[in-house]
Structure formats: C-alpha cells, structure tokens
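If you want the building blocks of each chain, they are given just below.
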2 protein chains.
Amino acid sequence: MTTRTDPVTILPASECWDLLAGVALGRLVTSVDGHPEIFPVNFAVQNRTVLFRTAEGTKLVSAMINNDVLFEADDHNVAEGWSVIVKGRAGTLRTDDEIAEAERAQLLPWTGTVKQHYVRIKPVSVTGRRFAFGGA
Amino acid sequence: MTTRTDPVTILPASECWDLLAGVALGRLVTSVDGHPEIFPVNFAVQNRTVLFRTAEGTKLVSAMINNDVLFEADDHNVAEGWSVIVKGRAGTLRTDDEIAEAERAQLLPWTGTVKQHYVRIKPVSVTGRRFAFGGA
C-alpha cells in the first residue's frame, strides 16, 4: 500500500514570497476598458512587494490607473510546479525616496534607451499552490 | 558604430504557434463576476488551438461560461524572452469525436484521480513579442 501525495498543496505566504524571489519574469493582469489584459514583466521582490519597470506612455502605464491588479509567477519541471498569485494595488513611484529604494532591488535592466517608471504592487492577498503532474 | 537591435520584435503568427507548442505551462485569464482571474494550466497546441484539461466543478470550469478568454505563455533566459497571447473563445468538449481528437494531443497527465473536462480555446487573435534584456 502506498500513500498518495495530494496533487495540490496550498503554500504559506512566506514560501510564496521565497518562490517569487527566485524567478525574474511574471505576469501582470489588469482591466483595460473593462477587458482583462495580461502583460509579462521582469520583476523583483522587495519587502513583500512586487517591483517592476515599464516604459513611459505605454498601455501598461495607463493600465496602472486601474490600480487593482493581479500578479502571477510560476515555475515547473516535468514532475511538479508552483504558481503564486498576488492580488494588490499597483502604484507608480514618484518621489526621490521611493525611486532610490526601488533602485536597490535586483531588477534586470530591460532596455537602456527608454525612460522608465517604477511600479510597485502592494499585496492585499497572496496565494500559492504547488502541484504535481503525473497519473495515479 | 554598432547597429542596435530593437529590444522588442513582433512575431508572425506561425512563429507564435511554434513557440507555444514548445512549452507546457501557460496561463488562462478570464473574468469571474467582473474581476479578472488567472489560472496556470498545463496545455498543448493542436491545429492552432490551445487545449487543456480541468477538473469538474472547479472555479475554472465556471469561468468557461464566460467564454471570451486570454491565454498567455512565455519563456526566457538571461538574455532574451518571448511572450505569446491568444485572445479567443473557450469551450468545453462534449462529443465523443471532440474528446477523441483531444486525446491525440500531447497533454501531460495532471492527476489521475479526478474526472476532467477538456477545454479548447479557438483563437480570435494571436500576438507575440520577442524581447531582449540588457542595457544600452
């Protein structure tokens, strides 16, 4: 007799943040004119917030006006995977202090030619699951 | 003098489908009670549609009632990445013929214990971008 492991495990918040900190690409989901849109973003975790940059004047910046957002990141191999979803409020960083703090995060440069804004997502909730592939 | 490569390249549809076919995990975005939700799903490409399975009675199945969906998949390394977004209509497969066709796709088993539905997304539009990391 074998014990089946549950195919889905709910993760504690601390593990969700650790997992998020270990990947560099996530996806922002927000509504634009009432329709969901998804944007892949290069991000960093800083003090249990999600930080990313976006070029000035883009669709993504206007999406930030609707500041209730979802952010998702995941990773997997052939046997198992995980996914973390942050629900939160996104805001563009404006003050010198805010920007200086963001500069200390480990964000990959995106492009060097375009003026960029920092956006920080402050979490309202964080949920994470670990899941196993494979049949019975 | 060097020629700068454009940091973002728009991809033709054929390349979008090729890229999608090379990864196994994507994300479905749909509205639930007017709020965007995101669900990671294991998927396969079949005849320029996106195919995945989901367990009966889940939030994801009810989300399919709102059948205008987004589907996103991406991949990246330290130097560059790509993202493809499919906008389309999702429908649960019902007939024996539909299910038999879906069984021929290369879908990883998810779990062996739960009755599952096949869902197929028929595309309305497909957009893809390749992007480079790195400063000027």
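Residues numbered from 1 in each chain as written. Chains lettered and ligands numbered in written order. Predicted model: local features only at pLDDT ≥ 70, side-chain atom pairs only at ≥ 80, totals over all residues. Heavy atoms only, no water.

Enquirer: Honestly, the overall build of chain A in this entry has me stumped. Any pointers?
Expert: Secondary structure summary: chain A contains 3 helices and 7 strands in total. Put simply, chain A runs from its N terminus to its C terminus through helices and strands in the order β-α-β-β-β-α-β-β-α-β. Relative to its 136 residues, chain A shows a buried fraction of 45%. In chain A, the share of contacts with a sequence separation of at least 24, taken over all contacts with a separation of at least 6, comes to 69%. (Helix = DSSP H or I, 4+ residues; strand = E, 2+ residues; numbered from the N terminus. Buried < 20%, exposed > 50% of the residue type's maximum accessible area, 1.4 Å probe, protein only. Contact = heavy atoms within 4.5 Å.)

Enquirer: Got a minute to help me understand the pairing of strand β7 (residues 116–132) of chain A in this structure?
Expert: Regular strands place side chains that alternate from one sheet face to the opposite one. Residue and element names in this part refer to chain A. As judged from the 4 bridges shared by strand β1 (residues 8–11) and β7, these two strands associate in the antiparallel manner. Note that in β7 the partner of V8 across the bridge is F131. Taken together, the 6 bridges between strand β4 (residues 49–55) and β7 define a ladder with antiparallel strand orientation. Its bridge partner lying in β7, L51 is registered against R120. In this structure, strand β6 (residues 80–92) lies alongside β7, joined through 13 bridges in antiparallel fashion. Paired with G81 across the bridge in β7 is F131. (Pairing = 2+ DSSP bridges.)

Enquirer: For this particular structure, what's the right way to read the confidence of the model for chain A?
Expert: Parts of the model with low pLDDT should not have their predicted coordinates read in detail. All names here are of chain A. Summing up the model confidence of chain A, the mean pLDDT is 85 and the portion of residues at 70 or higher is 80%. Averaged over each element, pLDDT in chain A is lowest for helix α2 (residues 59–63) (66) and highest for helix α1 (residues 13–21) (98). As scored by the predictor, the complex reaches a pTM of 0.87 and an ipTM of 0.83. (pLDDT = per-residue confidence, 0-100.)

Enquirer: Help me understand the environment of B:E80 in this model?
Expert: Residues and elements named next belong to chain B. Examined against the element boundaries, E80 turns out to sit in strand β6 (residues 80–92). Each C-alpha atom of the pair E80 and F133 lies 5.5 Å from the other, and the pair is 53 residues apart in sequence. Once you skip the residues sitting within four places of it in the chain, E80 turns out to touch R130, F131, A132 and F133.

Enquirer: Where do I start with the pattern of salt bridges in this structure?
Expert: A side chain of one charge can pair with a side chain of the opposite charge if their charged atoms are brought near each other. Counted under the stated rule, the structure contains 18 salt bridges over all chains. A salt bridge links A:E15 to A:R130; the nearest nitrogen and oxygen atoms lie 2.6 Å apart. Placement of the pair is A:E15 in helix α1 and A:R130 in strand β7, with a sequence separation of 115 residues. With a closest N to O distance of 3.5 Å, A:E72 and B:R27 form a salt bridge. Here B:R27 lies in strand β2 (residues 25–32) and A:E72 lies in strand β5 (residues 68–76), a pairing that spans two chains. (Salt bridge = Lys/Arg side-chain N within 4 Å of Asp/Glu carboxyl O.)

Enquirer: It is not clear to me how helix α1 (residues 13–21) of chain B should be interpreted in this structure. Could you clarify?
Expert: Within an α-helix, residues lying three or four positions from one another point in the same direction, as the helix has 3.6 residues per turn. Residues and elements named next belong to chain B. Those residues of α1 that sit buried are C16, W17, L19 and L20. The arc that holds every buried residue of α1, seen down its axis, measures 160 degrees, which confines them to one face. For α1, the exposed residues set more than 90 degrees away from the buried face come down to D18 and A21. Turning to α1, the residues buried within the fold contact β1 (8–11), β3 (35–46), β4 (49–55), β5 (68–76), β6 and β7 (116–132). (Arc of directions from axis to C-beta.)

Enquirer: Would you mind going over the environment of A:A21 with me for this structure?
Expert: Residues and elements named next belong to chain A. Inspection of the secondary structure puts A21 in helix α1. Assessed through its relative accessible area of 52%, A21 is described here as exposed. Distance in space between the C-alpha atoms of A21 and A44 is 6.5 Å, their sequence separation being 23 residues.

Enquirer: Would you mind showing me how to read unusual backbone geometry here?
Expert: Outside of glycine, negative phi angles account for most residues, and trans bonds account for most peptide bonds. Not every positive phi belongs to a glycine, and A:R48 is a case in point at roughly 55 degrees. Structurally, A:R48 can be placed in the loop between β3 (35–46) and β4.

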